Amino acid sequence: MRIDVVTIFPEYLEPLRHALLGKAIEQGLISVGVHDLRQWASGAHRTVDDSPCGGGPGMVMLPTVWGPALDDVAEGNLEASLSSAQPHADKPRHDDLQPSSFSGYTHGESTYSDGTDDRPLLVVPTPTGTPFTQETAQRWSRERHVVFACGRYEGIDSRVITDAAKRYKVEEVSIGDYVLIGGEVATLVMAEAVVRLIPGVLGNASSHLEDSFSDGLLEGPSYTKPRHWRGQSVPDILFSGDHNAIARWHRDQSLALTAARRPDLLDAARQRGDLSERDEQALDLRDVITEIQILIDPKQLKGLTKDLPTRLAKDNIFFATVTTEEISQACQADNMLIAAYEQQHGQPPATQRTIQLYIHARTTLGDAACTRAVANKLPEGTQWYGTTHHA
């Protein structure tokens, strides 16, 4: 892919030389030219703007400058001026060792979806444009030549856009419902979103095949080592080795997060028929936290916390994450669990410790039923008390 950017602030595009985009330049997957619009301006001051016709605030960028600039860029003969900021290590990556079948996205739904229009694509970042989405990025990732026209002030004279359509496929695009000082930041956002989808740019193609929005939903939470950190644990299901169960967990987490943050995406997925009956069941679940204090031997505790999520799933309590906190018995001399133990055994506990369990899960059960289900999974004879509440 060839990328050209026309701007009055070429230095703003320096980030295109770094990280994965820089490596893509180095590998020849993309070439990038950044061009100072003032090259096409005349006069001592190389003016690129003038006051708006009919009055009003701000300045409008001149068609007499933008027109020639876009004419020359469309020819594709200008220098690809950007090189990678630094050499990258040439080490085998995931798809080098396990070749991916991914060969790029299809053109998708668009005015030129059949891919037969080989004119360059002109992208004009503007708050009045159509929303830039993951689908847009996927579609653009198959383009041969993408040109970004970075406007400033009150924007570019509208005649430039109309005229450019003779030589370009033109899309005016917005990255959100807010206004920036110029189009450079939006260009960086869109360029990175597009380039990472070009085959070979990412070391593992599944990295973007499983992204947020790739299937119309938000991506769920991610975890890495260590397994336990600051009282929080990685969900045990991720260490189960059951790939089907793990995939289902990821799907349900994605559904829950989308329902909470972007219900509009969920409605769209439902209208497309993308949600299965099992998906709808997962969406009926609610988030709960069971806080239960127990008196237990540390050896029993380890086995309990390891097996508890799997055992609770049989009672329709799903995705349980268990964290523990030891309660100092010295600080709770009147603890009811210790008192109950002494009454039952005639002596204070020797090896047992007072532990507070926090179980964050999703379920259709009521609070009391959820608490009872957890209590029923405790070792026989365990002293306990606790409750469940909405998370």
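If you're wondering where the values come from, they're calculated on a predicted model, not measured in any experiment.

**Some thoughts on the packing of aromatic side chains**
Point 1. Under the defined criterion, the tally for this structure stands at two aromatic pairs.
Point 2. Look at Phe 132 and Trp 140: their rings are 5.4 Å apart centre to centre, the planes differ by 45 degrees, and that puts the pair in the tilted class. The two residues Phe 132 and Trp 140 agree in class, both being buried.
Point 3. Relative to Trp 249, the ring of Tyr 223 lies with its centre 6.4 Å away and its plane at 50 degrees, an arrangement referred to as tilted. Placement of the pair is Tyr 223 in the loop between helix H7 (206–209) and strand E8 (228–229) and Trp 249 in helix H8 (residues 243–261), with a sequence separation of 26 residues.

**What about the side chain of Thr 7?**
Point 1. Tracing the backbone through its elements, the reader meets Thr 7 in strand E1 (residues 2–7).
Point 2. There is a polar contact of 2.6 Å between the side chain of Thr 7 and the side chain of Glu 184.
Point 3. For Thr 7, the contacting residues outside a window of four places in its chain are Leu 13, Val 34, His 35, Asp 36, Leu 37, Cys 150 and Glu 184.

**Some points on H8**
Point 1. Relative to the 27 Å expected for 19 residues at 1.5 Å per residue, H8 spans 27 Å between its end C-alpha atoms, a close match to the ideal helical length.
Point 2. If you check which residues of H8 are buried, you get Ile 246, Trp 249, Asp 252, Gln 253, Ser 254, Leu 255, Ala 256 and Thr 258.
Point 3. On its buried face, H8 sits against helix H9 (263–272), helix H10 (277–283), strand E11 (317–327) and strand E12 (353–363).
Point 4. For H8, the capping residue at the N-terminal end is Asp 242, with a side-chain oxygen 3.3 Å from the backbone nitrogen of Asn 244.

The rules behind these values
- Residues numbered from 1 in each chain as written.
- Predicted model: local features only at pLDDT ≥ 70, side-chain atom pairs only at ≥ 80, totals over all residues.
- Heavy atoms only, no water.
- Phe/Tyr/Trp six-rings, centres within 6.5 Å; stacked < 30°, edge-to-face > 60°.
- Buried < 20%, exposed > 50% of the residue type's maximum accessible area, 1.4 Å probe, protein only.
- Helix = DSSP H or I, 4+ residues; strand = E, 2+ residues; numbered from the N terminus.
- Polar contact = N/O pair within 3.5 Å; in protein donor to acceptor, adjacent residues only side chain to side chain.
- Contact = heavy atoms within 4.5 Å.
- Expected span 1.5 Å × (residues − 1).

So yeah, pure geometry; function would need other evidence.
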